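Geometric and topological summary
Spelled out, the chains give:
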Amino acid sequence: MKLVEINFDGIIGPTHNYAGLSVGNLAAAAHAGEVSFPRAAALQGLEKMRANVTQGLAQGFFVPLPRPNHDWLDVLAADDTTDAALLAGAWSASSMWTANAATVSPAPDTADGRCHLTVANLVTMPHRAHEWPDTLAQLRLAFAEPAHFVVHAPVPPCFGDEGAANHIRLTSGHGEPGLEIFVYGKPGGPFPARQSEQASRIVARRHGLDPERVLFIEQSPAAIAAGAFHNDVVAVGNERALLAHEQAFADPAAAYATIRGKLPEVEIVIVPAAEISLAEAVRSYLFNGQLVTLPTGEMALIVPTEAWGSAPVRLWLDSMLAGSGLIRQVIPVDVRQSMANGGGPACLRLRVVADPETVDDRFLLDDEKAAVIERVITREWPETVNPAQLRDAELADRVRDARLALLEALNLNALA
Ligand code: SUG
């Protein structure tokens, strides 16, 4: 069995919009009320996936969830008097950020030798709290083979869980046992701490992780206050590389010492605040790059064009590349539509280390499927959505049909 890292990107849905629903997500707040471009957004996401396939990386995808979510509107007893933000939440395309779909512990890390996934409850933000039932259905379809996968229901809603965005797996090689690092936040700052420590501990126990190879690390309150609503906005890991902002963790010295003690071969690259401030890290999303190992064995960091275009970030990247560290390439990608809602390249993907043969083939991307997806997006996705339209019955019909056309084209009617 050949275990590889498969990146499952969320196809950006036809209701992609800027309703400004995420408190503490500075990009989303800054673009609140603007007109969005769902078709362009989805094509940008697709190009990112295609580029990864061209690099020789294993690439999967998840389809958008049904939006507007009528079940959710029913639960809310929504009517004409209902708060506009609650209504808009039923339309959110936020499931595109699949780093928040689940936490994944690959087979080499777990007691029963299967890959465990726990769907994230996303309870902190109302517009995301209704994602999990449909995400769970999709995960159970994609990872249906019980000999290889266990897909768990969410942790109880009293503990906020935002999935892989607050989880870093370090290892000498994807198919080897890993050190799983769960990063949680403590409440009390100006913005919500979305990942609770207890949620992380529940996930680790459920997944049957070896306590010797698990760490629970507190995210720095300063990072959350600066807009790092998920830890993947200030740190990213891949195999034995960890790239983190100096102010990512509450007690960085202790965190790095413990990580080094457990994984001596780790290479930790710390970006000093004097070179890239927390504010610039959050603005540019440097750390939300996708850090990947190319088939050549070299590591590449796939960064948003916003990071590439930032003077201090570029200076730092150039000096990193001139050195002899593990990251040998930087690849800029244009995911501006997603970025304007606070979702960078790493937010758009869920990493699953598995043998692709054990995954439902319908969720794996190749050139042919990419062409099919592109055709449906181009034909069916609205060109623009104005947040004021998020009550419009005609738009509701149109986006429902757009999604159904995609499911039909991908033979995924089971998710209709
Ligand atoms: O949960 N934005 C998402 C962005 C998620 C990014 N994911 C990771 N960092 N892994 C969020 O804040 C904005 C939607 C709106 O405001 O309409 C939004 O939900």
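Below: a short report on this structure.

Here is what the cut-offs are and how they apply
Residues numbered from 1 in each chain as written. Predicted model: local features only at pLDDT ≥ 70, side-chain atom pairs only at ≥ 80, totals over all residues. Helix = DSSP H or I, 4+ residues; strand = E, 2+ residues; numbered from the N terminus. Rg over C-alpha atoms; globule rule 2.2 N^0.38 Å. Buried ≥ 20, exposed ≤ 12 C-beta atoms within 10 Å, placed from the backbone. Near = placed C-beta within 6 Å. Nonpolar A, V, L, I, M, F, W, Y, C, P; charged D, E, K, R; others polar. Contact = placed C-beta atoms within 7 Å. Pairing = 2+ DSSP bridges. Axes fitted to C-alpha atoms, helices over the stretch in contact; angles between N-to-C directions. Expected span 1.5 Å × (residues − 1). Arc of directions from axis to C-beta.

On to the overall build of the protein. Of regular secondary structure, the protein possesses 15 helices and 15 strands. For 416 residues, the compact-globule estimate of 2.2 N^0.38 gives 22 Å, and the C-alpha radius of gyration of the protein, at 20 Å, lies within 12% of that figure. Taking the principal axes of the C-alpha coordinates as reference, the protein spans close to 60 × 45 × 40 Å. Counting only residues that meet the buried cut, the protein has 52% of its 416 residues in that class.

Turning our attention to the site of the ligand. The local shell around the ligand holds 22 residues, among which Leu21, Ser22, Ala99, Ala165 and Cys347 are the closest. For the shell around the ligand, the per-class residue count stands at 10 nonpolar, 10 polar and 2 charged.

With that settled, consider helix α6 (residues 132-142). Every buried residue belonging to α6 is among Trp132, Asp134, Thr135, Leu136, Gln138, Leu139 and Ala142, and all of these are buried. Looking at the buried side of α6, the elements it contacts are β2 (58-62), β3 (102-105), β4 (115-119) and β5 (149-152).

Strand order in this open sheet of 3 strands is β9-β10-β11, and the pairing throughout is mixed. Pairing within the sheet leaves two strands with one partner each, and these edge strands are β9 (235-238) and β11 (267-271). In this sheet, neighbouring strand axes are inclined to one another by 10° on average, regardless of whether the strands run parallel or antiparallel. Relative to β11, strand β10 (residues 241-245) runs parallel, the two sharing 5 bridges. Among the inter-strand pairings, histidine 245 is bridged to a residue of β11, identified as valine 271.

Moving on: unusual backbone geometry. For the bond from arginine 67 to proline 68, the omega torsion is -5°, close enough to zero to count as cis. Unusually for a residue other than glycine, leucine 122 sits at a positive phi of about 50°. Note that leucine 122 resides in the loop between β4 and α5 (126-129). According to the C-beta neighbour criterion, leucine 122 is buried, with 26 such atoms within 10 Å. In this model, glutamate 239 sits at a positive phi of 45°, which is unusual for a non-glycine residue.

Below, the discussion takes up helix α14 (residues 367-380). Turn by turn, an α-helix covers 3.6 residues, leaving residues three or four places apart pointing in a common direction. Taking 1.5 Å of rise per residue, 14 residues should cover 20 Å, and α14 covers 20 Å from first to last C-alpha, within 8% of that figure. Listing the buried residues of α14 in full gives Ile373, Val376, Ile377 and Glu380. Within α14, the buried residues cover an arc of 100° as seen down the axis, which keeps them to one side. Among the exposed residues of α14, those oriented more than 90 degrees off its buried face are Asp367, Glu368, Ala371, Thr378 and Arg379. Against the buried residues of α14 lie α2 (38-54) and α15 (393-409).

As a further point, take the pairing of β9. Here β9 shows a buried face lined by Ala235 and Gly237 and a second buried face lined by Val236 and Asn238. By the bridge criterion, 4 bridges tie β9 to β10 in an arrangement that is antiparallel. Note on β10: the bridge partner recorded for alanine 235 is alanine 244. Remark: 2 residues form the turn of the hairpin made by β9 and β10, two consecutive strands paired antiparallel; glutamate 239 in that turn has positive phi of roughly 45°.

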